[in-house]
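Chain and residue survey
What follows is each chain in one-letter form.
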2 protein chains.
Amino acid sequence: MSAPQTPESALDAREDSSTATREEDAADGIQHSHRMLSFSDALLSIIATVMILPVTHTEISPEQPFDKSIQKLLATRIAVYLMTFLIVTVAWAAHTRLFQVVGKIDDTLALLNLACMMTITFLPFTFSLMVTFPEVPLGIFLFCVCVIAIGAVQALIVVYAFHFPHLLNPQIERSTHRALYRQHVLGIILRGPALCFAAAGFSLFFYPASYLLMATVVFLPYLSKATSWCKSRLVGPREPPPHSMEFFTFDLHEPLSKERVEAFSDGVYAIVATLLILDICEDNVPDAKDVKEKFHGSLVAALSVYGPHFLAYFGSFATVGLLWFAHHSLFLHIRKATQSMGLLNTLSLAFVGGLPLAYQQTSAFARQPRDELESVRISCAIIFFASIFQFAIWTTALLHERETLQPSARFGGQEHAFMFAKLALYPCASLLAFTCTCFLSRFSTAIFHLMQIAVPFAFLLLRLLVRLALAVLWALRGLPVPELGAEDDSRSLLLPAPC
Amino acid sequence: MSAPQTPESALDAREDSSTATREEDAADGIQHSHRMLSFSDALLSIIATVMILPVTHTEISPEQPFDKSIQKLLATRIAVYLMTFLIVTVAWAAHTRLFQVVGKIDDTLALLNLACMMTITFLPFTFSLMVTFPEVPLGIFLFCVCVIAIGAVQALIVVYAFHFPHLLNPQIERSTHRALYRQHVLGIILRGPALCFAAAGFSLFFYPASYLLMATVVFLPYLSKATSWCKSRLVGPREPPPHSMEFFTFDLHEPLSKERVEAFSDGVYAIVATLLILDICEDNVPDAKDVKEKFHGSLVAALSVYGPHFLAYFGSFATVGLLWFAHHSLFLHIRKATQSMGLLNTLSLAFVGGLPLAYQQTSAFARQPRDELESVRISCAIIFFASIFQFAIWTTALLHERETLQPSARFGGQEHAFMFAKLALYPCASLLAFTCTCFLSRFSTAIFHLMQIAVPFAFLLLRLLVRLALAVLWALRGLPVPELGAEDDSRSLLLPAPC
């Protein structure tokens, strides 16, 4: 009777040891920041993708020609979406850096963080105002007020954390130059808000200057990097500052926390995958009166009108899900997310956010052959870009494979060929579908649907297919097929593949 | 020059050790399931809360009387929301149990899981159909098809995992009764779908029976527990089955994984907090033509029309954020989430999901004094129930404090009084506001806004207030005030408080 108890008590013991340090801290009201950061990541990823909704909800009746005014409206909304995505990812990166300095939180910091999040969620609205009324300075004024508020809250967080040094990253806590650090961090945090303060002033009498200043704020990290690079080329390499100081810059020089990149990406994928169900549940339940009058009481007939919407939903969910799958497989083999990989990831996610749009267009235009062709092509293009940027993350990681990749995914590793195939599948499939629509424009929908059905199966059978392809490759060269999976052989087997 | 390198290499070392086991497994394409589970949690939490949108979007013009037809529509939609929430949390709990059996994943399992998620996201739509057309059996038929599909995919996952035992929980992997386990787990998984198969059959000729069967499926875990309890009372306690066998039942007997409860709750809080911004960004940007014609070109005047919406957004975000904060503090001190705590958490979350509705109603009715009073009361009631269920989690945890709580949060622990105050704040404030509106009905909006502003400050100053209250309490009793924070004294200080 004692043996069956073992598993639970073993679990208990494991739990105890893992929570031992947590218990210690929790006693003083100090907490590890992990859960707060995941919550912030979830919030930020939703905000980043929210602005695709006005784009997908742009109503275009089938009779209406796809004219200039609609093109302009769509372009405007897409611009808002991309700007929002950019600014939120910049805010997210700054948040990541900030909580690399502040290692632990207490109640006050958690509440300040919530205030910061609330202000960030207001940013998309200011962009909508800016783009709808580019000549009225109110939008940019509100934007500046938001940025200043965010900066103020973040400065408060820093001041508070430095006042209670046990909340800081242990490295800074132990440092003798703590006051210097504080000034440095505060300086970087308040740089953007200071510029925005000037921009808010300009917005009252000369708004074009505000737009210029705003662009400076958004691209500040990149600008500062470019400046320092130019300087070093002009006056020769400067004496490097103490390294530990550099570690806490908010520039994009340092690798981002891999966990937070994953959490943010997960949030974006999850919200994008379910965006269309939001619409379906609300709009696609037929009215009881309509069913009686128009469809003679046949619910099935009434629902079949919405058929394309359901197809669009499943198509978009499957594509987003599989792209998540590729992302998941990729990050499983990544050890560190460098600056450029983070940028590529953001670009990939921005296109992923556009997928619901593409699929909704596909279903909306299903009746008109000419527009249908166009929307199938747009869908293919969006899928292509979303997946090719994932592939680019992989190639960038391969350039510094020792630091960035797990051994098994490096050149010659066991998983290298599979990884390559996984990430190349969507770019190839979408490119193929796009090309096919050029030659067989009459069958564009069929081609698109074929791709949608074929790709998930290709993912399921990927391992088999890759092995088959390698076997064929080696058979063609007239060599014996080495056993895949044996560490030593796999190097000799896989090295020639990327050539 | 070597010293500054230390922090980075220290980080590297930490990273290396934490990823050592991961690297090992990744080499075979086997992965820890952590990230896939968080992604599933995010998806499921979004789906669970999605159906509040049709409720919030119910359009009620200020002129229209709040009559029967609208009440019926609202009631219908709220019923759909609650049913969806219930069924998704049941599916989530089953998913949690399933991946307690399957400890690791590979590509095939990740893809199967995606298929499972896709089917679950379709469930809310079937509920909408059922409620809108209760007499047409199509809704229930589709629901049954979905449940059967989910069951089939989950059975596939189990069969696959038992075919490659290294994917299983190490405890089952090592067990000698593996085949027995498989049968047991499969039996539990396929119980629901089998009932649904019968329900689908009935729906074709006698649909009321299907509804009965459907209810059985949803409440199956509770029913089976009630049955076993009755049986044990009637025939006396049965010989308990081998304990390790019980460990993997899918009933609600076992504690849920605390991490997954947190992740699911975080998802719900995050999506609820941002639901209103979705609407604001889309609907509350005034039209350029309107601004020119109606407001003589004044954007500020045009925006002020939407003032109540913004207020509603900030109010709802702050409330949801602070409830998240209370939840976060609570779970920081919880070691295990038992069955009843999980149920209470679900109930709390269901009310949290209703918050956007409450706030939107507050803003929509702002013009009509009578309706305003009603909606302020509804808001207070929703906040009260959301927070009182959190409080109930805490009291339930206190009943078994040795297993469920960290030492510092137990009776007499240092954090006990703070925790109590944190969780009691919202129930008290909402109850107070509700009572005030009964006496001072003319000032109901003012009271509600006052509450909204006061509560965040109360949270900020909580520690101070609690210490003050305790000091006053002890001064009244004429005793010297003990130092809070000293382990020995705190017990004597805090024990009388709950009496």
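Values in this document were obtained by computation on a predicted structure and should not be read as measured data.

On to the interface of chain A and chain B, then. With 99 residues of chain A at the contact, the number on the chain B side is 99 residues. Summing both partners gives a buried area of about 8900 Å² for chain A against chain B, and 70% of it is carried by carbon and sulfur. On the chain A side of the contact with chain B, Arg35(A), Phe39(A) and Phe125(A) bury the most area, a combined 9% of that side's loss. The tally of links between chain A and chain B comes to 6 salt bridges. Salt-bridge contacts for Lys422(A) lead to Asp107(B); the nearest nitrogen and oxygen are separated by 2.7 Å. Between chain A and chain B we count 8 residue pairs in polar contact (both at pLDDT 80 or more) in total.

Before going further, it helps to examine the packing of helix α4 (residues 68–101) of chain A against helix α6 (residues 123–132) of chain A. All names here are of chain A. It is the contact of α4 with α6, at a shortest axis distance of 9 Å, that shows an interaxial angle of 145°. Crossing geometry of α4 relative to α6 is assigned as right-handed. Residues Thr76, Val80, Met83, Thr84 and Ile87 of α4 form the contact with α6, whose participating residues are Leu123, Pro124, Phe127, Ser128 and Val131. Here the contact of α4 with α6 is composed, by residue class, of 7 nonpolar, 3 polar and no charged.

Right, let's get into the pattern of salt bridges. A full pass over the atoms with the stated rule returns 10 salt bridges over all chains. Asp41(A) is the salt-bridge partner of Arg260(A), the closest N and O atoms lying 2.7 Å from each other. Of the two residues, Arg260(A) is situated in helix α13 (residues 258–283) and Asp41(A) in helix α2 (residues 34–50); the sequence distance between them amounts to 219 residues. An identical accessibility class is assigned to Arg260(A) and Asp41(A); each is buried. The structure contains a network of salt bridges with shared partners spanning Asp107(A), Lys422(B) and Arg463(B).

Time to look at the state of the cysteines. Taken as a whole and judged by the stated rule, the model has 0 disulfides over all chains. Unpaired in this structure, Cys196(A) has its nearest cysteine sulfur neighbour in Cys144(A), at a distance of 4.3 Å.

Let us look at helix α9 (residues 178–205) of chain B. Residue and element names in this part refer to chain B. Between the first and last C-alpha of α9 there are 42 Å, a value that for 28 residues agrees with the 40 Å anticipated at 1.5 Å per step. Of all the bends in α9, the greatest reaches close to 35° and is centred on Leu190; the proline Pro193 follows between one and four positions later. Three or more residues of α9 are buried, namely Tyr181, Val185, Leu186, Ile188, Ile189, Gly192, Pro193, Cys196, Ala199, Ala200 and Ser203.

Another point: the environment of Leu129(A). Here Leu129(A) lies in helix α6. Note: C-alpha distance between Leu129(A) and Phe385(A) (256 residues apart in sequence) is 29 Å. Setting aside anything within four residues of it in sequence, one finds Leu129(A) in contact with Gly139(A), Leu142(A), Val285(B), Pro286(B), Leu299(B) and Leu303(B).

Under the counting rule described, the total for this entry stands at 32 aromatic pairs over all chains. When the centroid spacing of 6.0 Å and the interplanar angle of 55° are considered together, the rings of Tyr313(A) and Phe317(A) count as tilted. Taken together, the residues Tyr313(A) and Phe317(A), both in helix α16 (residues 307–332) and 4 residues apart, mark about one turn of the helix. Linked through ring pairs, Phe122(A), Phe125(A), Tyr313(B), Phe314(B) and Phe317(B) together constitute an aromatic cluster.

Overlaying chain A with chain B gives an RMSD of 0.0 Å, the required rotation being 180° about an axis along which the chain moves by 0.0 Å. Such a turn and shift between the copies fits a two-fold axis.

The next thing to look at is the packing of helix α6 (residues 123–132) of chain B against helix α7 (residues 138–163) of chain B. Residue and element names in this part refer to chain B. The contact between α6 and α7 brings their axes to 8 Å, and the two run at 160°. Accordingly, the angle class assigned to the pair α6 and α7 is roughly antiparallel. The two elements α6 and α7 cross, and the hand of that crossing is left-handed. Note on element contacts: α7 touches α6 through Gly139, Ile140, Leu142, Phe143, Cys146 and Ile150, opposite Leu123, Thr126, Phe127, Leu129 and Met130. Residues of the contact of α6 with α7, tallied by class, amount to 9 nonpolar, 2 polar and no charged.

The extent of an interface is frequently quoted as the accessible surface area lost upon association of the parts. Residues and elements named next belong to chain A. For chain A, the assigned domains read domain 1 (28–59 + 68–228) and domain 2 (258–477). A straight line from the C-alpha centre of domain 1 to that of domain 2 covers 30 Å. Between domain 1 and domain 2, the residue contacts involve 23 residues of the former and 20 residues of the latter. Summed over both sides, the interface of domain 1 with domain 2 buries roughly 1900 Å², with 69% coming from carbon and sulfur. Per-residue buried area on domain 1 facing domain 2 is highest for Thr56, Phe85 and Trp92; these three make up 25% of the total on that side. Where domain 1 touches domain 2, the interface holds 3 residue pairs in polar contact (both at pLDDT 80 or more). Within the residue set of the side of domain 1 that touches domain 2, elements represented by two or more residues are α2, α3 (52–56), α4 and α11 (220–235). Looking at side-chain class alone, the side of domain 1 that touches domain 2 contains 13 nonpolar, 8 polar and 2 charged residues.

Rules and cut-offs
Residues numbered from 1 in each chain as written. Chains lettered and ligands numbered in written order. Predicted model: local features only at pLDDT ≥ 70, side-chain atom pairs only at ≥ 80, totals over all residues. Heavy atoms only, no water. Contact = heavy atoms within 4.5 Å. Buried area = accessible area lost by both parts, 1.4 Å probe. Salt bridge = Lys/Arg side-chain N within 4 Å of Asp/Glu carboxyl O. Polar contact = N/O pair within 3.5 Å; in protein donor to acceptor, adjacent residues only side chain to side chain. Axes fitted to C-alpha atoms, helices over the stretch in contact; angles between N-to-C directions. Helix = DSSP H or I, 4+ residues; strand = E, 2+ residues; numbered from the N terminus. Left-handed = near helix turned anticlockwise from the far one by under 90°. Nonpolar A, V, L, I, M, F, W, Y, C, P; charged D, E, K, R; others polar. Buried < 20%, exposed > 50% of the residue type's maximum accessible area, 1.4 Å probe, protein only. Disulfide = S-S within 2.5 Å. Expected span 1.5 Å × (residues − 1). Bend = angle between axes of the 7 residues up to and from the residue. Phe/Tyr/Trp six-rings, centres within 6.5 Å; stacked < 30°, edge-to-face > 60°. Least-squares fit on C-alpha atoms with pLDDT ≥ 70 in both. Parallel < 35°, antiparallel > 145°, perpendicular 65-115°, else oblique. Domains from an automatic or database assignment.

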